Structures are given as C-alpha cells and as structure tokens.
Amino acid sequence: MARTPTAYWDYIRVEELLSLQSGLEPDASKLANDEVMFITIHQIDELWMRLVLRELVAARDLFVKVPVPEQALASAVRGIDRMSQILGLIADHFALMETMTTRDYLAFRDKLNPASGFQSAQLRQIEILAGLPETMRIPLGQEKSYMAMLKNPDGSATSASRRVEAALADTPTLVDAISNWLYRTPIQGSMPGHPEDDARVRAFIDSYCAAHAGSSRAALALAKEATRNPADADRLDERFQREIDGARDFLLATDVAEPDRARASRVRAALIFIESYRELPLLAWPRAVIDSLVAFEQAFVIFRQRHARMVERIIGRRTGTGGSAGVEYLDNTALRYRIFRDVWAVRTLLVQESVLPPLERTPRPTASRSRSEFQEYPMRILCLGGGPAGLFFAILMKQADPRHEVTVYERNKAEDTFGWGVVFSDKTMDGFRAQAPEVVEQIEGAFRHWDDIDTYFKGEKITSSGHGFCGIARMKLLQILQGRARALGVTIQYETEFTDPDVYAKQYDLVIGADGVHSVTRKKHEAHFNPRIQVGDCRFIWLGTKKKLDAFTFAFRQTAHGWFNLHAYRFDDEMSTFIVETPEHVWRAAGLHAMTADQSIALCEELFADLLDGHRLISNARHLRGSAVWLRFNRVLCERWYKDNIVLLGDAAHTAHFSIGSGTKLAMEDAIALAAVLQSTDGDVPTRLARYQAEREVEALKLQSAARNRMTWFEHVDRYVDLPPQQFVFSLLTGSQRVGHANQRLRDPAYIAGVDRAIAAQSGVPDRAVPPMFTPFRLRHLTIPNRVAVSPMCMYSAQDGTPDDFHLVHYGSARRRRRRPDVHRDDVRRARGAHHAGLHRPVERRPGSRVEARRRLRPPRRIDQDRLAAWPRRPQGRHPSWRGRAPISRCPPAAGS
C-alpha cells in the first residue's frame, strides 16, 4: 500500500495550533495583541513542560533498575540536561511578558478569575515526579490545597486533577531512585552486603570528618588573624565549630529517623565520595549525573525567581487571580521548594584534594590461600577498549564467575566502528564454540560463508576452492558481543576517554589494555613493554561496497605509476569489504598523497569498475581527512605483555597483517588464554600473566611470521607480475608460507592439477600434471632436469667461492633437500676466503678440467616418485646419505634438452 505524502502543515497540525489563541472570545479579531501574547506564551510553556515530563519519567525509570546500566547513563545525563535547558527557555519567556505594561494586563485580567497559573497540572506533575515532598507544600490561600484548585467548584474531578493524582501514585520519584542508586555506590572498595561494609563506611566518614575539621580549623586560624577584638574571635570559634559539628551530623544522618538513618548516612557518604574523588574514571558518569541534577534544580529555582520578579513588575503585590498571596507565594516557593537537598548540602563539606583520606580497596586473597577462600573474593577488572578482544574477555570472565566486577571503557559510541568485515576460519569458530557457545551461535547465524578465492590478473580469473572461511560485519560482531556482555552483567561505558592506566590500576585488581594498535596503555609504559614496531611499505584504504561478491577476491591492476591490488570479500547479505592497497612509491606517484578522501575513493572505483558493476565505494572513516584515509600497517610485537596488574591484549601487544585475516582471531584467542590463567589459583596475578604471555607469544610469532611473508609479497608485487597467471596466483596463495603445494592439493585437487599442468607446459612437459619440483629448469642455455636443491655443507666450501672439479662432480648428482643434523651454526664459520661455491671472482680457465669432471659424472638413474617420498631419513650419528646411496632420480628431460 502506497504511503500518503506528508506535508509540514499537516505533520505539525499548524491549523489546529493557530486556532487555539482566541481565549474566551469567539472572535479572535477582537483580542488585543497583549492578550494573544499572554495566551501563546502559556501554551508554549505547557508544551515545553510536556517534554520535561517525558524526560523526567525516562530518567526515573533508568535509575529504578538494579543495577543501573552504566552504558545508559549518558542518555540519562543528556535528558536531565535537556530539562534544565527547557526550564531556561520558559524563564526567558518572562522577558517577553515584561513588554506588557500594568494597564495592558489589567485590560483583560478580570477574564482570568478564578483561573490561575497555579492550576497548571503539568507543573505539579513535574514537582511530584521529581520528588517534592507533600509536607513542604505552601498553601495557595483561601484555606485551599493545590488539589482543590485543580477540581471543579463542586469538588468533582477534572482532567487536571486526574493527571496529578496519577503522578502521586507513580512511584518511586526521581529523588528516591537516585538515592537508591547512590546507596549502592562502592565506598573505599566496599559495597552494601559486604560483611564489613558498615565498618568501612563509618571509617571513611570518620577519616573524612577529621580532614574536614582540620581544613576548617586552618581556615579559622586565617580568619582570626583579621579580627579586631576578642568578641569577633569568639563568634568565629562558634561559627566554625558549628560547621565542624554540622558536617559530622550530616554524614551520620542524625536528622533522619532511626530506622532510616544508616541508609541515609551511606547515601550522603556516597555523595561525598563521588564529589571528593570525581577525577577517578570509575566515577566519570556518577559525577556527571550529580552535576546534571544540580543544574536541573538550579534552573527550576531560577524559573521560580524569574516568575516572581515578572509578576511583581507587572502587577506589584496584588492578590493572585486564584486567591494566592501572589509574589509572596512565588518567592516562598523559590526558597523552600528544594528537592535534591543532600546533593546541594555536600558542597559545604568538600575539602581540598591534598587533605582527602587515601583511597583503599577491599582486601584480596594471597596466592597461598585455598581455592574456597579465593572464591570469596571475585576480581574487579577494567578493560580499556570495547573491541572484540576486550568484550570477549569480559564475557569469558563473567561466565566463569558472575561475581567478578567487569567494566569496559570505550572511547567511541556503541554504534561506531571503523572497519567493515571480520573473517574467521571454520577451525577458529570450533575453538570459540568450546568457550562461548551462546556467542558463537549468534555469530554463525550472521555469517556469510565461502570456500572460493577468485583472483583477477591480466584479464584472467583463476579460482581456488576448499578454503572454508566465513565473514561477519564488524558492527554485527560488536553488537553480539555487547549484548552478551550486558546480559552477563558487564558494565560498558561509551564515550569515555582513558589516559593513564596507572590510575585505574590502583582501583582495580586487573587492568586490560585492549585499546588497539595505538594503545594508550602500551605507550604509558613503552620502555617496559618494549614494543618492536615496523611500519609497512604499502598504503591501504579500507572501504565497503554494496556489490555482493561471491568469493574472497584478489584483483591486480596495473597503472602508469605501478600496481594496485585488491582484497575484498562479502561479510553479510548486503555488503562487502573492499581494501585497496599499493606500495608507497606508487601511492605518491599517483598523486594520492595530495587527494581528498572523495578523490581517492573515486580513483579506486575507476580502477576496479569491472568488479563493482556500477556500485559505489563507501568509507566509514569520515573522521579522517585527505590522504589520512590511506593507512600504513604497523607490525607490533612487545617484548613484555604485562606490568604488575596491567596486561596487554590483542593489537596492543601484537598485530597481524590483514592479508591473512587473523588479527581479530588472534586477539579473541588471547582473551581465551588470559581468562583461563586468571581462573587458576596457581600464583599471584603477575605469575599468571607471565604464563599467559608464554603461551600466546608463540602463537603470535607464528602468525606474525606468516603475515610478514604475505605483507612483503604485496609490498614487492612487481617482482611477480611477469610470471604467467597460474604461477602468479599460486605464488600469491602460498605467499604466507603457511600453505604449500600439498595443502592446496588437499583443499582443491582440480586447481592444483591445473597449476601443475600449466607449470609443466611452461617447462616443456606438456599434458602432464607434474609437481613443479620435478620439472626441468632452464637458465639461458643451461637446462637442469629438476628443481631439487642440495643444502650447502661444510665440505662444499670453496676458496673465494670458486667451484673446482670436486664441486662439479658432487653438484651433478642432485639430492634430496635436508640439513645435516651434525652441523651446527658454530661449525659453519670458516676462515677468510672460504665460501660456499659461487662465482665470486673471475674463473681461471684450465684446459680439460670441465671435460674431466663431466667424464666422471655417473649417469642418472630413474626412480619413481613413491620411492622418493619413502626415502629414509638418516638417524643422528649415522653416515651421511651421500655415501653409498643411489642418487635421486629426475623426471625425463624436456624434449630437445
């Protein structure tokens, strides 16, 4: 069904709005402009109050939750701040009202009797839901309550009275919800329910009161220096003593009834704790909440005072139209209608940072304690970075023990991500499934699977199959991890900057530096972590496209400046990752260093237009400008991965080039290993972190080695582009050196058979799928029957590298590649002038020497490939295989060789 077009006029319902300013006159043309202004301003104010009510209810409903979701506090603060802004706008309307003179207002004032602004049901609702106690209400006059003013003269209910009655029944109020939230605030590492909580809170109150008393006495001494007589000094003594006694009474809640005193005392202590240590990152959002509440009530007070001054200016101190005391009533409400009294009161008690009690943490068990004792003390953990590594680690820790207090800080918003897709292998997912089956089930439900790799090179498309990979949108992966983490009780704080891990290390048992390749955690202790960072020689731009690719795609394009290559794959039903890469010198020669981001994207679209089929390329890194969208890969490996109770995770500790697609896999496997060692009780935290590094460092080195090989291949792609397409693609697929000929044959026998036939044909062996190792090799006029190399041994050393008859005889019989087990690195040191055979200086021609050497060569004997595969390895200490063994056979020489 087609949607009906919407017009602004209809959407805003302008006609209805414009018809509402007639007041009691049936003919709006008879109204004075002052009366129209009066009506319009009050209507606008009521609309604004409706929005305040919505924000107020939303904030209250948030703080009612147990626990309050930390990630939602940002929206609550924005909502409370919006209420303050709205009250400011309403107060500004009074300036417009003051353009009306007393006589202008008196001309229509009698129409209002007995109506009054006090009958604004929405203003009463705001006061009630915010938490204004009914006992603080000031009578309006004429012995009537405000509820009586909202009803009909006969006492029957009106829509206004029903609104207010509903607000009275809608509990708790915002101030009550905030109080309950503050009550659960950790104070000096202790929370309600801990057996020592009362004692620790009282100890904090005592130490804080002592600090406050000391600060007050120091201020008293300075004040008394300026006194002129003993009476003034006595008054100062009395005044400051009242402050000291008042601070202690306030924190001990002596003004509260005995049943509620302990709870009120803890709430006030929490306010003091948050305000005193507000620079701590853990208190970032609590202090923002308190600041927003102060601003909200301040805006309310200003609104009331501004209202009183406007009324006094226009009508003086007349009795109000509703029978109230008018200005006197308004002034009293501004002074007495205070809701967040404790939040304001703590400002009187705050002291200098230098005299604050030192921060403490709840005692933790030592490594010598038993497992049962250890379980009584769950860990407090902070993850710096809300990427896959940090979130997955948080999930694993909460799964292991729900009592662990795990918090994640993320600089960006929850919906921000600067990549497109993430690739995992089937084997990787099997490993994840054993640790977090609920997460893997959701991930696999969003996967895009593929087995093929398509390579486009010099007009040909070559496909290799059997690779078993799957892709998922990075944003979708983060959403799955975020949702699971929240469900387990992990606290995630977005838009939270972090700068100094040492500050957090004092508050938490463990601080996880999962903050990426440009890790703040690593930089703080760079000398200790000792990162070895190598910057790649290629530039790459990470883009997305709605072109739905059917396989992992490599493509290579030659330009006048050099080669550009593409890594692309589809990661969901709609989108594909599209990474364009080129060496630095080509990037500069093409002028990309001087282009805008849009110009760079347009160039990439032009280069790979045949693959895009008219689809556009998209960047989600709009925070980068100009050539900054082209990145250089940083290869990172740290010598140390932990310092005390700070540990690096994922890209902060090591990176793996995107061409092997294992960076996220490596980081999440780090999380598995770290969570495992932390769940043990063998040793203290640093001891367990050492085991974590020892285990994961080996895996990181393996992948980094493969990634470095692949990265180098792309950096020097011009070395391979003269190869025939089949050989070029095979070189690409095996460039990491993790995958070889045999592995590829297991994955896709038909593809390898095609490669073998193509390379054999190039070597002059047509129509045979001969392993490339056994094809002839030509070097100018020299043809060698196969490509089996002999490893150099000490016996083959030559003077200045010049071969003699001995070398010609032995090199004539090519043998299987192996390293002599009895030759060590120190054994291959030779005297000056001794080198492996090679033409390092002009060769002296000796008549007959080459002929004599060739005459002594034994003719090759043929053996089948199965015999080669079964050729026995020489055990340690046995004679070398070149003594008394038959030479390895070679394939028949190429025709005409």
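Residues numbered from 1 in each chain as written. Predicted model: local features only at pLDDT ≥ 70, side-chain atom pairs only at ≥ 80, totals over all residues. Heavy atoms only, no water.

**Re the overall build of the protein**
Summing up its helical and strand segments, the protein has 34 helices and 21 strands in all. Counting the 897 residues in the protein, one finds 48% classified as buried. In the protein, once contacts between residues fewer than 6 apart in sequence are set aside, the share between residues at least 24 apart is 73%. Just so you have it, the protein exposes about 45,500 Å², and 52% of that area is on carbon and sulfur atoms. (Helix = DSSP H or I, 4+ residues; strand = E, 2+ residues; numbered from the N terminus. Buried < 20%, exposed > 50% of the residue type's maximum accessible area, 1.4 Å probe, protein only. Contact = heavy atoms within 4.5 Å. Areas by Shrake-Rupley, 256 points an atom, 1.4 Å probe, with all protein chains shown as cover.)

**Concerning the packing of helix α4 (residues 73–97) against helix α13 (residues 284–315)**
One can describe the packing of α4 onto α13 by two numbers: an axis separation of 9 Å at closest approach and a directional angle of 15 degrees. Regarding the angle of α4 to α13, the classification is roughly parallel. Crossing geometry of α4 relative to α13 is assigned as left-handed. Class assignment of the residues belonging to the contact of α4 with α13 gives a composition of 22 nonpolar, 3 polar and 2 charged. (Axes fitted to C-alpha atoms, helices over the stretch in contact; angles between N-to-C directions. Parallel < 35°, antiparallel > 145°, perpendicular 65-115°, else oblique. Left-handed = near helix turned anticlockwise from the far one by under 90°. Nonpolar A, V, L, I, M, F, W, Y, C, P; charged D, E, K, R; others polar.)

**Notes on the packing of helix α11 (residues 230–252) against helix α12 (residues 258–276)**
One way to put it is that α11 packs onto α12 with a least axis distance of 6 Å and a crossing angle of 115 degrees. Counting all contacts with α11, which are made through Phe250, Leu251 and Leu252, the residues of α12 involved are Arg261, Ser265, Arg268, Ala269 and Ile272. Looking at side-chain class alone, the contact of α11 with α12 contains 5 nonpolar, 1 polar and 2 charged residues.

**Re the side chain of glutamate 55**
Assignment of secondary structure puts glutamate 55 in helix α3 (residues 33–64). Of note is the side chain of glutamate 55, whose polar atom sits 2.6 Å from the side chain of arginine 82. If near-sequence neighbours (up to four positions away) are discounted, glutamate 55 is found in contact with Gly79, Arg82 and Met83. (Polar contact = N/O pair within 3.5 Å; in protein donor to acceptor, adjacent residues only side chain to side chain.)

**Structural notes on the packing of aromatic side chains**
Evaluated as defined, the whole model comprises 31 aromatic pairs. Measuring from ring centre to ring centre gives 6.2 Å for phenylalanine 457 and phenylalanine 556, while their planes differ by 90 degrees; the resulting arrangement is edge-to-face. Here phenylalanine 457, found in strand β5 (residues 453–457), pairs with phenylalanine 556, found in strand β11 (residues 552–558); they are 99 residues apart in sequence, far enough to count as distant. Each member of the pair, phenylalanine 457 as well as phenylalanine 556, is classed as buried. (Phe/Tyr/Trp six-rings, centres within 6.5 Å; stacked < 30°, edge-to-face > 60°.)

**Examining the sheet that holds strand β7 (residues 469–473)**
Read from one edge to the other, the open sheet built from 3 strands follows the order β3-β7-β4, with strand pairing classed as antiparallel. At either margin of the open sheet sits one strand with a lone partner, and together these are β3 (421–425) and β4 (448–450). The mean inter-strand angle of the sheet, taken between neighbouring strand axes irrespective of direction, is 25 degrees. Across 5 bridges, the pairing between β3 and β7 is antiparallel. Note on β7: the bridge partner recorded for valine 423 is glycine 471. (Pairing = 2+ DSSP bridges.)

**Remarks on the pattern of salt bridges**
For side chains bearing opposite charge, pairing can occur when the charged atoms are close. Counted by the stated rule, this structure contains 49 salt bridges. Here the salt bridges do not stand alone but share partners, grouping Arg124, Glu127, Glu134, Arg137 and Arg304 into one network. (Salt bridge = Lys/Arg side-chain N within 4 Å of Asp/Glu carboxyl O.)

**Comments concerning the sheet that holds strand β17 (residues 646–648)**
What the 6 strands build is an open sheet, ordered β8-β2-β1-β9-β17-β16; its pairing is mixed. Of all strands in the sheet, those with a lone pairing partner are β8 (491–493) and β16 (642–643), marking the two edges. Alignment of strand β2 (residues 405–409) against β8, held across 3 bridges, turns out to be parallel. Note on β8: the bridge partner recorded for tyrosine 409 is glutamine 493.

**A word on a nonpolar patch on the surface**
Together, Tyr8, Trp9, Tyr11, Ile12, Leu17, Leu18, Leu20 and Leu47 make up a nonpolar patch on the protein surface, roughly 910 Å² of accessible area in all. Those elements that place two or more of their residues in the nonpolar patch are α1 (8–11) and α2 (14–18). Residue contributions to the nonpolar patch peak at 3 residues, all from α1. Following the sequence through the fold, tyrosine 11 ends up in helix α1. For tyrosine 11, a relative accessible area of 63% translates into the label exposed. (Patch = residues over 30% accessible without salt bridge, like charges linked within 9 Å, V, L, I, M, F, W, Y side chains within 5 Å.)

**A few points about unusual backbone geometry**
With an omega of -5 degrees, the peptide bond between valine 66 and proline 67 qualifies as cis. Along the polypeptide, proline 67 turns up in the loop between α3 and α4. Following threonine 171, the chain continues into proline 172 via a peptide bond in cis, with omega recorded as -5 degrees. With respect to the helices, strands and loops of the structure, proline 172 is situated in the loop between α8 (159–169) and α9 (174–183). Phi angles above zero are rare outside glycine, and glutamate 495 is one such case at about 55 degrees.

**Focus: the pairing of β2**
Counting buried residues along β2, 4 of its 5 residues qualify, which places the element largely inside the surrounding structure. Two strands pair when backbone bridges link them, and strand β1 (residues 380–384) and β2 are joined in this way by 5 bridges, in the parallel orientation. Counted as the bridge partner of isoleucine 381 is valine 406 from β2. In this view, the connection linking β1 to its parallel neighbour β2 by way of helix α17 (residues 388–400) has right-handed handedness. (Right-handed = clockwise from strand over helix to strand, strands pointing away.)

**Here's the deal with the environment of aspartate 104**
Here aspartate 104 is to be found in helix α5 (residues 102–109). Aspartate 104 gets classed as partly exposed once you look at its relative accessible area, which sits at 28%. With 71 residues separating them along the chain, aspartate 104 and asparagine 33 place their C-alpha atoms 9.6 Å apart.

**Examining helix α29 (residues 725–733)**
Across the 9 residues that make up α29, a large majority, 7, are buried. Those residues of α29 not exposed but buried are Pro725, Phe728, Val729, Phe730, Ser731, Leu732 and Leu733. Buried residues along α29 sit in contact with β5, β6 (460–464), β11, α28 (685–715), α30 (741–747) and α31 (749–762).

**Side note on the environment of isoleucine 512**
Assignment of secondary structure puts isoleucine 512 in strand β9 (residues 510–513). A relative accessible area of 0% means that isoleucine 512 is categorised as buried. Contact partners of isoleucine 512, with chain neighbours within four places excluded, come to Ile381, Leu382, Cys383, Leu384, Phe393, Val647, Leu649 and Leu674.

**Notes on the environment of histidine 528**
With respect to the secondary-structure elements, histidine 528 resides in helix α23 (residues 526–529). Residues histidine 528 and tryptophan 641, 113 residues apart in the sequence, show an inter-C-alpha distance of 9.0 Å. The contacts of histidine 528, once residues within four sequence positions are left out, are Arg640, Tyr642 and Lys643.

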